Amino acid sequence: LVLSEQQKRLFEKLSIYCDKYAEQIPVTFVLGFYVTLVVNRWWNQFVNLPWPDRLMFLISSCVQGKDEYGRLLRRTLVRYVNLTSLLIFRSVSTAVCKRFPTMEHVVEAGFMTPEERKVFENVRSPHLKYWIPVVWFSNLASKARQEGRIQDSIDLQNILNEMNLFRTWCATLFGYDWVGIPLVYTQVVTLAVYTFFFACLIGRQFLDPAQRYQGHDLDFYVPVFTLLQFFFYSGWLKVAEQLINPFGEDDDDFEANWIIDRNLQVSLLAVDEMHMNLPHMTKDMYWNDSEARPPYTLAAADYCIPSFLGSTTDMGLSDILQFDEADVSDGRPRQQDSVLAWRQESVLGRVRRLLSVQEPPELRPPRLIFKRHSSDATGSFFPDFRVHPSPDDMGPPSSLVMPPSAMDTLSTLREVSSNPPSPESSPSAVFPQLVVSPPLSSDVCHNMDSSGNGEVTKPQNGLDPSPTEEAPGLDTPW
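Predicted, not measured: the structure shown is a model, and the values here were computed from it.

Cut-off values and rules
- Residues numbered from 1 in each chain as written.
- Predicted model: local features only at pLDDT ≥ 70, side-chain atom pairs only at ≥ 80, totals over all residues.
- Heavy atoms only, no water.
- Helix = DSSP H or I, 4+ residues; strand = E, 2+ residues; numbered from the N terminus.
- Buried < 20%, exposed > 50% of the residue type's maximum accessible area, 1.4 Å probe, protein only.
- Areas by Shrake-Rupley, 256 points an atom, 1.4 Å probe, with all protein chains shown as cover.
- Patch = residues over 30% accessible without salt bridge, like charges linked within 9 Å, V, L, I, M, F, W, Y side chains within 5 Å.
- Salt bridge = Lys/Arg side-chain N within 4 Å of Asp/Glu carboxyl O.
- Lys, Arg positive; Asp, Glu negative; His and termini not counted.
- Charge placed at Lys NZ, Arg CZ, Asp CG, Glu CD.
- Phe/Tyr/Trp six-rings, centres within 6.5 Å; stacked < 30°, edge-to-face > 60°.
- Lys NZ or Arg CZ within 6 Å of the ring centre and 35° of its normal.
- Axes fitted to C-alpha atoms, helices over the stretch in contact; angles between N-to-C directions.
- Parallel < 35°, antiparallel > 145°, perpendicular 65-115°, else oblique.
- Left-handed = near helix turned anticlockwise from the far one by under 90°.
- Contact = heavy atoms within 4.5 Å.
- Nonpolar A, V, L, I, M, F, W, Y, C, P; charged D, E, K, R; others polar.
- pLDDT = per-residue confidence, 0-100.
- Expected span 1.5 Å × (residues − 1).
- Core = buried A, V, L, I, M, F, W, Y, C linked by side-chain atoms within 4.5 Å.
- Polar contact = N/O pair within 3.5 Å; in protein donor to acceptor, adjacent residues only side chain to side chain.

(A) Region of the structure containing the overall build of the chain. When its secondary structure is counted, the chain shows 15 helices and 4 strands. Per-residue burial for the chain yields a buried fraction of 31% across its 478 residues. Carbon together with sulfur atoms contributes 59% to the accessible area of the chain, which is approximately 31,600 Å² in total.

Here it is, written out as structure tokens:
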């Protein structure tokens, strides 16, 4: 209403220009990378919070003595541990620094004695002196080992290793507080977000539909999706600003003061009152029950599920074994057509048909199947091999016969004897060993058929027929 027609046309051109080039600002990439960096730093600082639980378990179990000196030794060790974490929290957390502004407040809180404060202040160092209680802890632990309070050097090593891990957590927090995200990166991200929405504010205005601008045939007075985009990107940026310093005074920051109180109370309780204070041992309620199952309430009855046995449990492999057992017991060779029909109805066959990658039935060779049909050591996985074959059983078993087209992709199986038979043992007690070797093009066996005419045939499935081989249908007792 205020602009003239020429000014309206000029504003519409400016709006189209801003709408075109606003998308070239990589706000999604810049903001996403920035938020990912901030969240990773925030989570790593949470993971590296110093907890004295592992140390107090070792001190309570390895530092012996129920007398006053033993009690004093254990309490002093865990106090040094808590003093180390307190000195770190004072340097990185604003809330803790306000609670313990000076070393006098630390002494008044009971984390340090006046004598220890004098020793602490006499150490001249321009750096943060959180490592001094760690040195006190290590020397006191070594003294306890020399006095026999720690009875084994392995226990001393475990205690010192845990203390080094605790110091690593404290040093990690100090490192994150020392080296933060570069300020210029935060400024670039903030500038990119607000510049993008300033361009969107001009570029996504309501234009005159009578001018028939491309993409502005249907326009709204209220840009709904632009507002949603602004809420998402601005909220994303505000999340990063809240998580960039988790040791502040916001509601979502880490409760460092609560961590200090909890660690001191729990650690002193574990090494003092609970030291060798064990309940009386009694038989549990599942003493004679080999299958212990805790009860479920009615509200949790739906969560009682069977155990997971693997992803191949329901693939129908048991049906294959039952099918083979039926063929062997009846003395009939396995029919290739029925095998192919079963495979087409299997789970994998249905999945392949769904993905349109299943091979035609006539192009797929029969599957090589090894049958478990005996509890003997020689027949637990491979077909039986006997010593006295019949003339008709000189060829390979029918379940191992493969078409010649599949021979190029298979290896050759040879039967060799791993142990030469002794004179006392029978030939049938020798276990054959199958050795895999690459297929040879010249590996051809010459057999004579029953009519007397010789013909040259390839060994089926790479098995060289030997006089110690028998058809799987025959089951000669040992």
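Having seen the model, we can carry on.
(B) Main features of a negative patch on the surface. Together, D250, D251, D252 and E255 make up a region of like negative charge exposed at the surface. Note that D252 resides in the loop between α11 (224-243) and α12 (256-271).

(C) Here's a closer look at the pattern of salt bridges. Inspection of the entire model under this criterion finds 11 salt bridges. A salt bridge links R262 to D53; its shortest N-O distance comes to 2.9 Å. One end of the pair, R262, is in helix α12; the other, D53, is in helix α3 (residues 53-62), with 209 residues separating them in the sequence. Accessibility expressed as a relative area gives 23% for R262, which makes it partly exposed. Residue D53 is classed as buried on the basis of its relative accessible area of 18%. Three or more residues are tied together by salt bridges with common partners; here these are R71, R75 and D272.

(D) Inspection of the packing of aromatic side chains at higher detail. In the structure shown here, the tally under the stated rule is 18 aromatic pairs. For the pair F196 and F197, a centre-to-centre distance of 5.2 Å together with 75° between the ring planes defines the contact as edge-to-face. Take F196: its relative accessible area is 2%, and that puts it in the buried class. Note on F197: relative accessible area 9%, which makes it buried. Ring pairs connect the aromatic residues W42, W43, F46, F89, F247 and F254, which therefore count as one cluster. The ring of F120 has K129 sitting right over it, with the charged end atom 4.7 Å from the ring centre.

(E) Highlighting the packing of helix α2 (residues 27-47) against helix α10 (residues 183-203). The contact between α2 and α10 brings their axes to 10 Å, and the two run at 140°. If you check the angle between α2 and α10, you find them oblique. Helix-helix and strand crossings are classified by hand; for α2 and α10 the assignment is left-handed. Here α2 contributes V27, V30, L31, F33, Y34 and L37 to the contact with α10, which in turn contributes Y185, T186, V189, A192, V193 and F196. Residue composition of the contact of α2 with α10, by class: 11 nonpolar, 1 polar and no charged.

(F) The arrangement of the confidence of the model for the chain in detail. Model confidence for the chain is summarised by a mean pLDDT of 75, while 63% of its residues fall at 70 or above. Every residue in residues 369-478 is under pLDDT 50, and counting partners more than four places away or in other chains gives 144 contacts.

(G) Looking closely at helix α8 (residues 132-146). The terminal C-alpha atoms of α8 lie 22 Å apart, and with 15 residues this matches the ideal 21 Å at 1.5 Å per residue to within 8%. Close packing links the buried residues of α8 with α3, α4 (68-92), α7 (114-122) and α9 (153-178). G148 sits one or two positions beyond α8 and adopts a positive phi of about 85°.

(H) Focus on the packing of α4 against α12. Their axes nearest at 9 Å, the elements α4 and α12 cross at an angle of 170°. Put simply, α4 runs roughly antiparallel to α12. Between α4 and α12, the contacting residues are R74, R75, V78, N82, L86 and F89 on the first element and A256, I259, I260, N263, L264, S267, L268 and V271 on the second. Its residues placed into classes, the contact of α4 with α12 shows 9 nonpolar, 3 polar and 2 charged.

(I) Local environment of a nonpolar patch on the surface. Residues V222, V224, F225, L227, L228, F230, F231 and F232 make up a contiguous nonpolar surface patch of roughly 830 Å² in combined accessible area. Tracing the sequence through the fold places V222 in the loop between α10 and α11.

(J) Spatial organisation of the nonpolar core. Counting residues in each nonpolar core, the largest one holds 50 residues, and the members touching the most others are F89, V106, F137 and I159. Here this core takes 11 residues from α4, the largest share from any one element. When residues no more than four places from it in sequence are discounted, the contact partners of V106 are L83, L86, R90, F100, F111 and M112. Formed by 17 residues, the second largest nonpolar core is a distinct cluster that contains V27, Y34, V189 and F197.

(K) Inspection of the side chain of N263 at higher detail. Tracing the backbone shows N263 in helix α12. A polar contact of 3.2 Å, which involves the side chain of N263, links it to the side chain of R262. Beyond its immediate sequence surroundings of up to four residues, N263 is in contact with P50, W51, P52 and N82.

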